[in-house]
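# Structural overview for review
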Amino acid sequence: MTDIAANLARIQARIAEATARANRPAGSVTLVAVSKTNPAEAVAAALAAGQMVFGENRVQEAAGKFPPLRPAWPALRLHIIGGLQTNKARDAVRIADVIESLDRPKLATALAEAMAKEGRAPEMLVQVNTGEEPQKAGVPRAEAEGFLRACREEWGLPVRGLMCIPPAEEDPRPHFHYLAELAGRHALPVLSMGMSADFEAAIACGATHVRVGSAIFGARG
Ligand SMILES: *Cc1c(COP(=O)(O)O)cnc(C)c1O
């Protein structure tokens, strides 16, 4: 059994050190604990240890785990971080506080409709495919600016920031710098980047949210 509380404390300490090293204010980086594939008991253990912000990549799985926890944990925040199908947009809007994987016009339309129907407006992050990987979700670099503008002007979506997943085999820092620069140009305050292997580098590059899974919950089966 993984010691989730000890792992959380260790990651929070490393986040605090990386934040200080970057001369950034204490508390300016939020840990999103990525609980995908882990059972509700693992989430409960993290909540008991004081972790309130979680990331899930599948809407169906998140819909089973999180709504039952909300009454006991009103401060809980759920981020949907995985590629989102348009037919899952309504469920995502219903259960999420933040949707990090907005990446195409069809999904923007579906989310805008779902928000109107549900009377709920989760924060949105635009995912950018910074490595231009064909198999990966995210808007291509060249289309990012136009898509950001359209999200605000055409669909009225509450876009608050950007998210990326750099290619696994590359130095992630040029990708983090690119995303930070793009966010700065658009006055977007939220930058979700960095995972178990590279969250300290992401903090040095300006991440406001790091998404850490296996370093908290153990290797996924
Ligand atoms: C799984 C996942 C993570 C966490 O990855 P770890 O390497 O386990 O920390 C972060 N972001 C996204 C989008 C993921 O799907």
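Residues numbered from 1 in each chain as written. Predicted model: local features only at pLDDT ≥ 70, side-chain atom pairs only at ≥ 80, totals over all residues. Heavy atoms only, no water.

### Describing the site of the ligand
In the vicinity of the ligand, the contacting residues are Val34, Lys36, Ile81, Ile165, Met195, Ser196, Arg211, Val212, Gly213, Ser214 and Arg220. Ser196 places a polar side-chain atom, nitrogen or oxygen, 2.5 Å from an oxygen atom of the ligand. Here an oxygen atom of the ligand and a side-chain polar atom of Arg220 are 2.8 Å apart. Relative to its unbound accessible surface of 380 Å², the ligand loses 89% to contact with the protein. Its residues assigned to classes, the shell around the ligand comprises 5 nonpolar, 3 polar and 3 charged. (Near = heavy atom within 4 Å. Polar contact = N/O pair within 3.5 Å; in protein donor to acceptor, adjacent residues only side chain to side chain. Areas by Shrake-Rupley, 256 points an atom, 1.4 Å probe, with all protein chains shown as cover. Nonpolar A, V, L, I, M, F, W, Y, C, P; charged D, E, K, R; others polar.)

### Considerations on the pattern of salt bridges
Where side chains of opposite charge bring their charged atoms close, a pairing between them can arise. Counted under the stated rule, the structure contains 15 salt bridges. A salt bridge links Glu56 to Lys65; the nearest nitrogen and oxygen atoms lie 2.7 Å apart. In this structure, Glu56 and Lys65 share a single accessibility class: buried. (Salt bridge = Lys/Arg side-chain N within 4 Å of Asp/Glu carboxyl O. Buried < 20%, exposed > 50% of the residue type's maximum accessible area, 1.4 Å probe, protein only.)

Any functional reading would require information beyond the geometric quantities listed.
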